[in-house]
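These are the residues of each chain, in order.
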2 protein chains.
Amino acid sequence: MTLRGFDRVGGLREFPEAVKEFHGLAAPGVLIGGFMVDMAVESLPDRAAIQAIVETSTCLVDAVQLLTPCTVGNGRARIIDGGRLALTLYDGKTLEGVRVFLDARKLDGFSRIKKWFFGEPLEEQGSKELLQSEILEAGRRVLSMEQVTVRRTAATGPKARPRRICQRCGQPYRGRDPASCLFCRAPYYASKK
Amino acid sequence: MTLRGFDRVGGLREFPEAVKEFHGLAAPGVLIGGFMVDMAVESLPDRAAIQAIVETSTCLVDAVQLLTPCTVGNGRARIIDGGRLALTLYDGKTLEGVRVFLDARKLDGFSRIKKWFFGEPLEEQGSKELLQSEILEAGRRVLSMEQVTVRRTAATGPKARPRRICQRCGQPYRGRDPASCLFCRAPYYASKK
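This write-up is about the structure you can find in this document. (Residues numbered from 1 in each chain as written. Chains lettered and ligands numbered in written order. Predicted model: local features only at pLDDT ≥ 70, side-chain atom pairs only at ≥ 80, totals over all residues. Heavy atoms only, no water.)

1. Observations concerning helix α2 (residues 28-42) of chain A
(1) Moving on: Compared with an ideal rise of 1.5 Å per residue, which puts 15 residues at 21 Å, α2 of chain A spans 22 Å between its outermost C-alpha atoms and is within 8% of the ideal.
(2) Moving on: Most of α2 of chain A is tucked away: 13 of the 15 residues are buried. (Helix = DSSP H or I, 4+ residues; strand = E, 2+ residues; numbered from the N terminus. Expected span 1.5 Å × (residues − 1). Buried < 20%, exposed > 50% of the residue type's maximum accessible area, 1.4 Å probe, protein only.)

Have a look at this one:
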């Protein structure tokens, strides 16, 4: 059995340090994401081939990469960037799973999380540490979960495309266009020296 | 000084195991990616605030996430999916960096890597292990590197957008549309129970 959730980094107590190491800092979105993932994996059968969909491009996916076998590189963690602090973990075979989200209706007792979530400034002394403590104290109490079935089209990653040699730059690429690679059709992201 | 390259996982010898642990298997693209990252970081100044652009959505980004402080979640690893086995590491402040790629012109002595790269079947007994050995033996010899300056537009991640409450589903989201979130405008990726 592969470890999942907080167990994967040695427990909840070790989680903030693991986030710091991987993500660079114990960012609020990754800490909350940890509770989201830990809650979601409990609802999946032990032998589920976990896959993930994350609904924002910031922070959250790192909680998934730390606490599940799903990474962006292995294609099991997919980002659909709708700017929502929510994620779905599901069984890649049955497509059955759970969606967990930070529930804005549950934030009334957690003023610092609420301020952070809605982008209001946290001005008190030591606000970063206080926010972190509030997140760890709140745990799952600010989350909600629902059962979902993922559509097959959303679950399927990009199909392998044939490798070709670009007729403009001469470099190999995979892509639908038979003549030239993405970078030769669009402005290149960097200029060469 | 933050560790970079193979040093980050304890050395080249430990790298395949670290890949297996994070990525799920010691995939050829991540192993080659390790040499690409290790070669690239050497060319960056010690104190460079490393950022990464990866030119394919498969495998390679996990080498970056393992061997540099750049992750998808912290925004320092960015994917521009052009289907090329290439990556750029650069200084986030100066935008100066290096692009490393698997050089198809250097594959003649490495028949298994060549077959794998161009999607031809590897049919011999134990082909997976033989391909892995060939990758570790080849190391940097199948790679090429060039100096590049990343365009500011490519280096900049998505800007923080205001958090709003979606008028259709009632959930908070960040997005340009002032009325509804991405998921209410497009088919939802999952159906609820």
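2. Description of the relation of the copies chain A and chain B
(1) Moving on: Overlay of chain A on chain B (RMSD 0.0 Å): rotation 180°, translation along the axis 0.0 Å. Here the two chains are linked by the operation of a two-fold rotation axis. Rotation axis and chain A: the residue whose C-alpha lies nearest the axis is Val-72 of chain A, separated from it by 3.9 Å.
(2) Moving on: The overlap is high: 100% of the interface residues of chain A also sit at the interface in chain B, so the same surface is used on both sides. (Least-squares fit on C-alpha atoms with pLDDT ≥ 70 in both. Contact = heavy atoms within 4.5 Å.)

3. Observations concerning the sheet that holds strand β5 (residues 143-150) of chain B
(1) Moving on: Pairing within the open sheet is mixed, and its six strands lie in the order β8(A)-β5(B)-β4(B)-β3(B)-β1(B)-β2(B). Lying at the two open borders of the sheet, with one neighbouring strand each, are β8 (190-192) of chain A together with β2 (77-79) of chain B. Each neighbouring strand pair of the sheet contributes to a mean axis angle of 30°, computed without reference to strand direction.
(2) Moving on: By the bridge criterion, five bridges tie strand β3 (residues 86-91) of chain B to strand β4 (residues 96-102) of chain B in an arrangement that is antiparallel. Each residue of the ladder has a partner; that of Leu-87 of chain B, found in β4 of chain B, is Val-100 of chain B.
(3) Moving on: Sitting on the sheet, helix α2 (residues 28-42) of chain B is in contact with β1 (50-54), β3, β4 and β5 of chain B, with an inclination near 150° to β4 of chain B.
(4) Moving on: Across the sheet, helix α3 (residues 60-67) of chain B touches β1, β2 and β3 of chain B, and the angle it forms with β1 of chain B is around 170°. (Pairing = 2+ DSSP bridges. Axes fitted to C-alpha atoms, helices over the stretch in contact; angles between N-to-C directions.)

4. Regarding the packing of helix α1 (residues 15-23) of chain B against α2 of chain B
For any two helices packed against each other, the geometry is given by the interaxial angle and the distance between the axes.
Residue and element names in this part refer to chain B.
(1) Moving on: Remark: α1 packs on α2, axes separated minimally by 10 Å, with the N-to-C direction vectors making an angle of 130°. By the angle between their directions, the pair α1 and α2 is classed as oblique. As α1 runs across α2, the sense of the crossing is right-handed. Where α1 approaches α2, its residues Phe-15, Pro-16, Val-19 and His-23 are matched on the opposing element by Val-30, Leu-31 and Gly-34.
(2) Moving on: Of the residues that constitute the contact of α1 with α2, the class distribution is five nonpolar, two polar and no charged. (Parallel < 35°, antiparallel > 145°, perpendicular 65-115°, else oblique. Left-handed = near helix turned anticlockwise from the far one by under 90°. Nonpolar A, V, L, I, M, F, W, Y, C, P; charged D, E, K, R; others polar.)

5. Re the pairing of β1 of chain B
Residues and elements named next belong to chain B.
(1) Moving on: Across the five residues that make up β1, a large majority, five, are buried.
(2) Moving on: Across the two faces of β1 the burial is the same, with Ile-50, Ala-52 and Val-54 and Gln-51 and Ile-53 all buried.
(3) Moving on: On the question of chirality, the crossover connecting β1 to the parallel β2 by way of α3 is right-handed. (Right-handed = clockwise from strand over helix to strand, strands pointing away.)

6. Quick word on α3 of chain B
Given 3.6 residues to a turn, an α-helix orients residues that are three or four positions apart in the same direction.
(1) Moving on: Buried residues dominate α3 of chain B, accounting for eight of its eight residues.
(2) Moving on: If you check which residues of α3 of chain B are buried, you get Leu-60, Val-61, Asp-62, Ala-63, Val-64, Gln-65, Leu-66 and Leu-67 of chain B.

7. Focus: the packing of α2 of chain A against helix α3 (residues 60-67) of chain A
Residue and element names in this part refer to chain A.
(1) Moving on: Orientation of α2 relative to α3, taken along the N-to-C sense of each, is 50°, at an axis distance of 8 Å. Classed by the angle they form, the pair α2 and α3 counts as oblique. Read as a crossing pair, α2 and α3 show a hand that is right-handed. Contacts between α2 and α3 pair Gly-29, Val-30, Gly-33, Gly-34, Met-36 and Val-37 from the former with Leu-60, Asp-62, Ala-63, Val-64 and Leu-67 from the latter.

8. What to know about the packing of aromatic side chains
(1) Moving on: Following the criterion strictly, the structure yields nine aromatic pairs over all chains and no others.
(2) Moving on: Seen from their ring centres, Trp-116 of chain B and Phe-117 of chain B are 6.3 Å apart, and the 40° between their planes marks the pair as tilted.
(3) Moving on: Assessed through its relative accessible area of 21%, Trp-116 of chain B is described here as partly exposed.
(4) Moving on: Among the residues examined, Phe-117 of chain B registers a relative accessible area of 1% and is labelled buried.
(5) Moving on: These aromatic residues form a ring-pair network of at least three members: Phe-6, Phe-15 and Phe-35 of chain A. (Phe/Tyr/Trp six-rings, centres within 6.5 Å; stacked < 30°, edge-to-face > 60°.)

9. Digging into the interface of chain A and chain B
(1) Moving on: Residue-level contacts link 58 residues of chain A with 58 residues of chain B.
(2) Moving on: Note on chain A versus chain B: buried area summed over both sides is about 5000 Å², and carbon and sulfur give 52% of it.
(3) Moving on: Connecting chain A to chain B are zero salt bridges.
(4) Moving on: Counting across the chain A and chain B interface gives 17 residue pairs in polar contact (both at pLDDT 80 or more).
(5) Moving on: With five residues, strand β5 (residues 143-150) of chain A is the largest single contributor of residues to the side of chain A that touches chain B. (Buried area = accessible area lost by both parts, 1.4 Å probe. Salt bridge = Lys/Arg side-chain N within 4 Å of Asp/Glu carboxyl O. Polar contact = N/O pair within 3.5 Å; in protein donor to acceptor, adjacent residues only side chain to side chain.)

10. Re the sheet that holds strand β2 (residues 77-79) of chain A
(1) Moving on: Taking strand neighbours across the sheet as the criterion, the six strands line up as β2(A)-β1(A)-β3(A)-β4(A)-β5(A)-β8(B) in an open arrangement whose pairing is mixed. On the outer flanks of this sheet lie β2 of chain A together with β8 (190-192) of chain B, each paired with one strand and no other. Across the sheet, the axes of successive neighbouring strands diverge by a mean angle of 30°, strand direction being ignored.
(2) Moving on: In the sheet, strand β4 (residues 96-102) of chain A pairs with β5 of chain A via seven bridges, with the strands oriented antiparallel. Paired with Gly-97 of chain A across the strands is Val-148 of chain A, a residue of β5 of chain A.
(3) Moving on: In this fold α2 of chain A packs onto β1 (50-54), β3 (86-91), β4 and β5 of chain A, with an angle of close to 150° to the strand it touches most, β4 of chain A.
(4) Moving on: The strands touched by α3 of chain A are β1, β2 and β3 of chain A; relative to β1 of chain A, the strand with the most contacts, the crossing angle is about 170°.

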